[in-house]
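Letter by letter, the chains look like this.
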Amino acid sequence: MMIVITEKAKKKLGELKTKNIYITLNYIQGPCNDNLCKMIPKIKISLTPENGNYVPLYEKDFNVYSHKLLAESIFKHNDNIVIDYSTLKRSFVVKGITYSF
Amino acid sequence: MAKDPVCGMYVEENENAIKSVRNGKTYYFCSENCKEQFEKPDKEYKKLKFLLIFSWSLTVPVIFLTYFSNIIFLKYVIFTLATIIQFYPGFRFYKGLLNSIKSRTGNMDTLIAMGTTVAWLYSTIVTFFPSFFIVRGIYFDTSSLIISLVLTGTFMENLMKQKATNALHKLISLQPKIAHLIKDGGLIDIDTDKIKKNYILLVKPGERFPTDSEILEGVTEVDESMITGESLPVLKKVGDTVIGGTLNILNPVKIKVSKTSDENTLSEIISIVEKATTERVPIQRLADKVSSYFVPLVILTGIFSFFFWYFIGDIGLTYSLLVLVSVLIIACPCALGIATPAALMVSSGKAAVNGIIFKNGESIENASKINTVILDKTGTLTVGKPEITDIYTFNNFSKKDVLKLAAIAEIQSEHLFGKAIVKEVRGEKIEFPESFQYIPGMGVKAIYNKNTIIVGNLNMIRNEGIDFNYQDLIKDIEVKGKAVLIVAYNSKIIGIFGISDKIKDESKKTIEEIKKMGIDIWMITGDNEYSAKEISENLGIENVISNAKPKDKLEKIKELKKMGKTVAMVGDGINDAPALAEADLGIALGTGTDIAAETGGVILMKGDIYDVVKVLKLGRKTLRKIKQNLAWAFLYNLILIPVAAGLLIPFYGPKIYNILPIFAAIAMAFSSTTVVSNSILLNREKL
């Protein structure tokens, strides 16, 4: 498992004077009201904890925390994660998480 | 955290959680709606059936009367009937719309509610304010027909879903409701969920065993086919274990309960299969991404098409609105949403009734990608009941003495070789040693009456620094394909055993079938190279690793994975646990009772090695089905949304929209049913 925080993301974190990143697992309604159709898990990045319990994923120059379930999936699949800052979306984005939880 | 068995969402298990108890097991839900679907699946079916009949009984007159809509009085009758349809059978779509607004997401109901409302609202304004319009056609028949058709589609899909979940329902129905408790010399009938451990029960012929138990009295034959997939009846005698839900065929037997109904094998299987079907698999990622943006995109497409045809295409307000209605109605996000879960549901159900338990959805997808299979030898390819075939003794020790001392050292051992030694001295009293140490991959060391007994391989003897001069004899035994165990007593060699195991009948066929699928096979064994060679040559396995310690299996899996191989490990669920966990797919040959303790993504309940072929085939067939479903769902929307948005206007003119919204509703109504029906076809596939 490897976590890379891009220079752009580091710069933004510096500007915001924070060292903590929280990766949260949220669910949104599936496309139909049908018991076969499941809720869709969505990953959200925030600079403050949102809900539930977090576990540390990376603690060096910056700290990355994630929901326990998400962390289990990341460790299980040996994911290589990239945390970047999207100027277009004006938010932090995460790539490389295997979709299995 | 617990998983909602209906929608798959993870929910906190706290006091305020929405929960339901079934067979003594607590299930947690994200909403009351999910709880209701779980507790009363028939309620939704009955309600839908009533609404469907009601909706059609009003829609038919609406269609018929529309032909005479130039009679002003009839317009009001049509309006009344269409309004009832719009807001009674159609209320479910508004409810869905409200939920989607609350959760800020779009779903199928959003589109149906918007589409039918546009047609109904336009027709209502035309009915009451005709002077506002040049063209005064009403489209109550369109809004009513769309609602009835979509309800028909939902009803059909429900029927299909019942077939898709048939296997799981069959498993649930295996649990008998009543058990006969033997108390104070008499029989009392009690509810199965009130059974406690160590209760003594009577099971008559033709009845199912209420829960996992041990036979106390009597001999019978048991049909285990619904749990393990084994078609032949199994003989059960005193001391044998019986699985809850299996059928007692021959004689009445007294049993002692070993597991309550909420923790027995059947309940574990049901909960694992339910969990597996709620999990998301990597292939679903694309469908999920598209689904999250689908509804807003469709609404935008519909609005854009309306403005385009009204201002640029100049086809008039009525037809432009019908373009909007057609786009909203034809789009089917549902097919995308259920493409993967429907196939997983059928597949895991089919596997479960064949005695194959997929512990999670990802394992089904992984099974389709396997290109390398690693097989453990003992107990996997061979019967796993080794027997001592050669005994050599030294230093004036008799065969009986050597066997007895070896048995004392091995009495606490779980290793198959240890069990083979203990079996040889059956009938004699074997004492326990003062201390016992198991050294993985080597052997055992015990202290008995202050004497040291060592039973193990040559590495063990060397490690202990014991002189050994019988290399030639060892070679002679090994050349015959047998394993060697050396017995040392107080640092003196006193005996050497030759041990051999039989190849399982179905091993050869299994290897041939796996090879036919283009999959590489490796055999890893702790046995010597001669023993390994004997077995591998017999079975046609070219890649063999012998003298392997447990960690060697792990290393080989890591090495193959680094080479880019997708690896399945087949072995014993307890002893090979680390290797099973490391592999992309761990296939455990189960003992048939303790599936929760087994490591690995797949458990083969009857321990039949040929089931490995079934796992790999089912994985491939399921993934093919998921791909077909997804392709259908994507292509359906990609082709039909542009058609609804006006692609046919240049060829047939705007009048095609007199019927296109109806065709849109028919197409939409049956698109989801097609996905479920296609998934059900998996049941017909031969494994």
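Residues numbered from 1 in each chain as written. Chains lettered and ligands numbered in written order. Predicted model: local features only at pLDDT ≥ 70, side-chain atom pairs only at ≥ 80, totals over all residues. Heavy atoms only, no water.

*Asks:* Looking at this model, I keep getting lost on the overall build of chain B. Mind explaining?
*Replies:* Helices and strands together make up the secondary structure of chain B, namely 25 helices and 26 strands. By the compact-globule yardstick of 26 Å for 687 residues, chain B is too spread out, its C-alpha radius of gyration being 33 Å. Expressed as lengths along the three principal axes of its C-alpha atoms, the size of chain B is roughly 120 × 65 × 40 Å. Expressed as a percentage of the 687 residues in chain B, the buried residues total 55%. When contacts within chain B are restricted to residue pairs at least 6 apart in sequence, those whose partners lie at least 24 apart make up 66%. (Helix = DSSP H or I, 4+ residues; strand = E, 2+ residues; numbered from the N terminus. Rg over C-alpha atoms; globule rule 2.2 N^0.38 Å. Buried < 20%, exposed > 50% of the residue type's maximum accessible area, 1.4 Å probe, protein only. Contact = heavy atoms within 4.5 Å.)

*Asks:* What exactly am I supposed to notice about the overall build of chain A here?
*Replies:* In terms of regular secondary structure, chain A is built from two helices and seven strands. Along its sequence from the N terminus, chain A presents helices and strands in the succession β-α-β-β-β-β-α-β-β. Expressed as lengths along the three principal axes of its C-alpha atoms, the size of chain A is roughly 45 × 30 × 20 Å. Here chain A holds 101 residues, and 50% of them are scored as buried. Taking the intrachain contacts of chain A between residues at least 6 apart in sequence as the baseline, contacts between residues at least 24 apart amount to 54%. Accessible surface for chain A amounts to roughly 5,300 Å². Of this, 51% is attributable to carbon and sulfur atoms. Here chain A contributes 15 positively and 9 negatively charged side chains, and the mean placements of these two sets differ by 4 Å. (Areas by Shrake-Rupley, 256 points an atom, 1.4 Å probe, with all protein chains shown as cover. Lys, Arg positive; Asp, Glu negative; His and termini not counted. Charge placed at Lys NZ, Arg CZ, Asp CG, Glu CD.)

*Asks:* What is the right way to look at the interface of chain A and chain B in this model?
*Replies:* As a measure of interface size, the accessible area lost when the parts come together is often cited. On the side of chain B, 38 residues touch chain A, which itself brings 24 residues to the contact. Summing the contributions of chain A and of chain B, the shared interface buries around 2,700 Å²; its carbon and sulfur component is 60%. Where chain A touches chain B, the interface holds zero salt bridges. The interface formed by chain A and chain B includes zero residue pairs in polar contact (both at pLDDT 80 or more). Of all the secondary-structure elements, those providing two or more residues to the side of chain A that touches chain B are strand E2 (20-28), strand E3 (40-46) and helix H2 (68-76) of chain A. Each residue belonging to the side of chain A that touches chain B can be placed in one class, and the counts come to 13 nonpolar, seven polar and four charged. (Buried area = accessible area lost by both parts, 1.4 Å probe. Salt bridge = Lys/Arg side-chain N within 4 Å of Asp/Glu carboxyl O. Polar contact = N/O pair within 3.5 Å; in protein donor to acceptor, adjacent residues only side chain to side chain. Nonpolar A, V, L, I, M, F, W, Y, C, P; charged D, E, K, R; others polar.)

*Asks:* Any chance you could explain the state of the cysteines here in plain terms?
*Replies:* A disulfide bridge is the covalent bond that connects two cysteines by way of their sulfur atoms. Residue and element names in this part refer to chain B. Counted by the stated rule, this structure contains zero disulfides over all chains. Take Cys-332: it sits in no disulfide, and the sulfur closest to it among the cysteines is that of Cys-334, at 5.6 Å. Judged by its relative accessible area of 0%, Cys-332 falls in the buried class. (Disulfide = S-S within 2.5 Å.)

*Asks:* Explanation requested: the packing of aromatic side chains in the structure shown.
*Replies:* Centre-to-centre distance and the angle between the planes together describe a pair of aromatic rings. Residue and element names in this part refer to chain B. By the definition in use, this model includes 24 aromatic pairs over all chains. Ring centres 6.4 Å apart and planes at 25° place the aromatic pair Phe-304 and Phe-308 in the stacked group. Taken together, the positions of Phe-304 and Phe-308, both in helix H10 (residues 285-312) and four residues apart, correspond to about one turn of that helix. We classify Phe-304 as exposed; its relative accessible area is 59%. On the basis of relative accessible area, Phe-308 is assigned to the partly exposed category, the value being 32%. Centre to centre, the rings of Phe-307 and Phe-311 are 5.9 Å apart; their planes meet at 10°, and the pair counts as stacked. With a gap of four residues between them, Phe-307 and Phe-311 both fall in helix H10, about one helical turn apart. (Phe/Tyr/Trp six-rings, centres within 6.5 Å; stacked < 30°, edge-to-face > 60°.)

*Asks:* Any chance you could explain the side chain of B:Thr142 here in plain terms?
*Replies:* Residue and element names in this part refer to chain B. Among the structural elements, Thr-142 can be located in helix H6 (residues 140-164). For Thr-142, a relative accessible area of 2% corresponds to the buried category. For Thr-142, the contacting residues outside a window of four places in its chain are Pro-661 and Ile-662.

*Asks:* I would appreciate a short explanation of the pairing of strand E21 (residues 492-500) of chain B in the present structure.
*Replies:* Regular strands place side chains that alternate from one sheet face to the opposite one. Residue and element names in this part refer to chain B. Here E21 lies mainly inside the structure; seven of its nine residues are buried. Direction of pairing for strand E16 (residues 387-393) relative to E21: antiparallel, over a ladder of six bridges. Looking at the pairing, Glu-387 lines up with Ser-500 of E21. Where strand E20 (residues 483-489) hands over to E21, the hairpin turn is made up of two residues, of which Asn-490 adopts a positive phi near 50°. (Pairing = 2+ DSSP bridges.)

*Asks:* So what exactly am I meant to see when it comes to the sheet that holds E3(A) here?
*Replies:* Strands sit in the order E3-E2-E5-E4 (chain A) across an open sheet of four strands; the sheet is mixed. In this open sheet, the two edge strands, each paired with only one partner strand, are E3 and strand E4 (54-59) of chain A. With direction set aside, neighbouring strand axes in the sheet form an average angle of 25°. Contacts between H2(A) and the sheet are confined to E2, E3, E4 and strand E5 (63-67) of chain A, with E5(A) contributing the most and set at about 105° to the helix. Sitting on the sheet, H10(B) is in contact with E2 and E3 of chain A, with an inclination near 80° to E3(A). (Axes fitted to C-alpha atoms, helices over the stretch in contact; angles between N-to-C directions.)

*Asks:* How do you make sense of unusual backbone geometry when you look at a structure like this?
*Replies:* Peptide bonds are, in most cases, trans, and in most cases residues other than glycine have a negative phi. Residues and elements named next belong to chain B. Residue Ser-491 is not a glycine yet carries a positive backbone phi of 70°. If you trace the backbone, Ser-491 turns up in the loop between E20 and E21. A relative accessible area of 54% means that Ser-491 is categorised as exposed. Backbone geometry places Asn-547, a non-glycine residue, at a positive phi of 50°. The topology assignment puts Asn-547 in the loop between strand E23 (543-545) and helix H21 (550-562). Classification of Asn-547 by relative accessible area gives partly exposed; the value is 44%.

*Asks:* Would you mind going over the environment of A:Asn26 with me for this structure?
*Replies:* Residue and element names in this part refer to chain A. Its location among the elements puts Asn-26 in strand E2. For the pair Asn-26 and Glu-50, spaced 24 residues apart in sequence, the C-alpha separation works out to 9.8 Å. Apart from residues lying up to four places away in sequence, Asn-26 is in contact with Ile-40, Pro-41, Lys-42, Lys-44, Glu-50 and Asn-51.

*Asks:* Just to check I follow, could you spell out the packing of helix H19 (residues 507-516) of chain B against helix H23 (residues 611-647) of chain B for this structure?
*Replies:* If you want to describe how two helices pack, look at the angle between their axes and the distance between the axes. All names here are of chain B. One can describe the packing of H19 onto H23 by two numbers: an axis separation of 9 Å at closest approach and a directional angle of 20°. Accordingly, the angle class assigned to the pair H19 and H23 is roughly parallel. Here H19 and H23 pass one another in a crossing that is left-handed. Across the interface between the two elements, Thr-510, Glu-513 and Ile-514 of H19 pack against Val-612, Val-613, Leu-616 and Lys-617 of H23. Here the contact of H19 with H23 is built from residues that sort into four nonpolar, one polar and two charged. (Parallel < 35°, antiparallel > 145°, perpendicular 65-115°, else oblique. Left-handed = near helix turned anticlockwise from the far one by under 90°.)

*Asks:* Even after reading the chapter, I still don't get the confidence of the model for chain A, so can you show me in this structure?
*Replies:* Keep in mind that low pLDDT regions are not for reading the predicted coordinates in detail. Mean pLDDT over chain A: 84, with 94% of residues reaching 70 or higher. Per-residue pLDDT, averaged within each element of chain A, yields its smallest value for H2(A) (82) and its largest for helix H1 (residues 7-15) of chain A (91). (pLDDT = per-residue confidence, 0-100.)

*Asks:* Where do I start with helix H1 (residues 32-39) of chain B in this structure?
*Replies:* Turn by turn, an α-helix covers 3.6 residues, leaving residues three or four places apart pointing in a common direction. Taken together, the buried positions of H1(B) are B:Cys34, B:Lys35 and B:Phe38. Seen end-on, H1(B) carries its buried residues on one side only, within an arc spanning 100°. (Arc of directions from axis to C-beta.)

*Asks:* Explain empty space enclosed by the protein here, please?
*Replies:* If you roll a probe as big as a water molecule over the atoms, it shows you where there is empty space left. As enumerated under the stated definition, the model contains five cavities of 30 Å³ or more in all. The space that makes up the second largest cavity amounts to roughly 50 Å³. Taken together, A:Ile28, A:Gln29, A:Gly30, A:Pro31, A:Ile40, B:Thr105, B:Gly106, B:Ser291 and B:Ser292 form the lining of the second largest cavity. Here the residues of the lining of the second largest cavity sort into three nonpolar, six polar and no charged. (1 Å grid on protein atoms, 1.4 Å probe; cavity = no way out; pocket = protein on both sides within 12 Å on 5 of 7 lines; lining within 4 Å. Points joined across faces, edges and corners; volume = space filled by probe spheres on them.)

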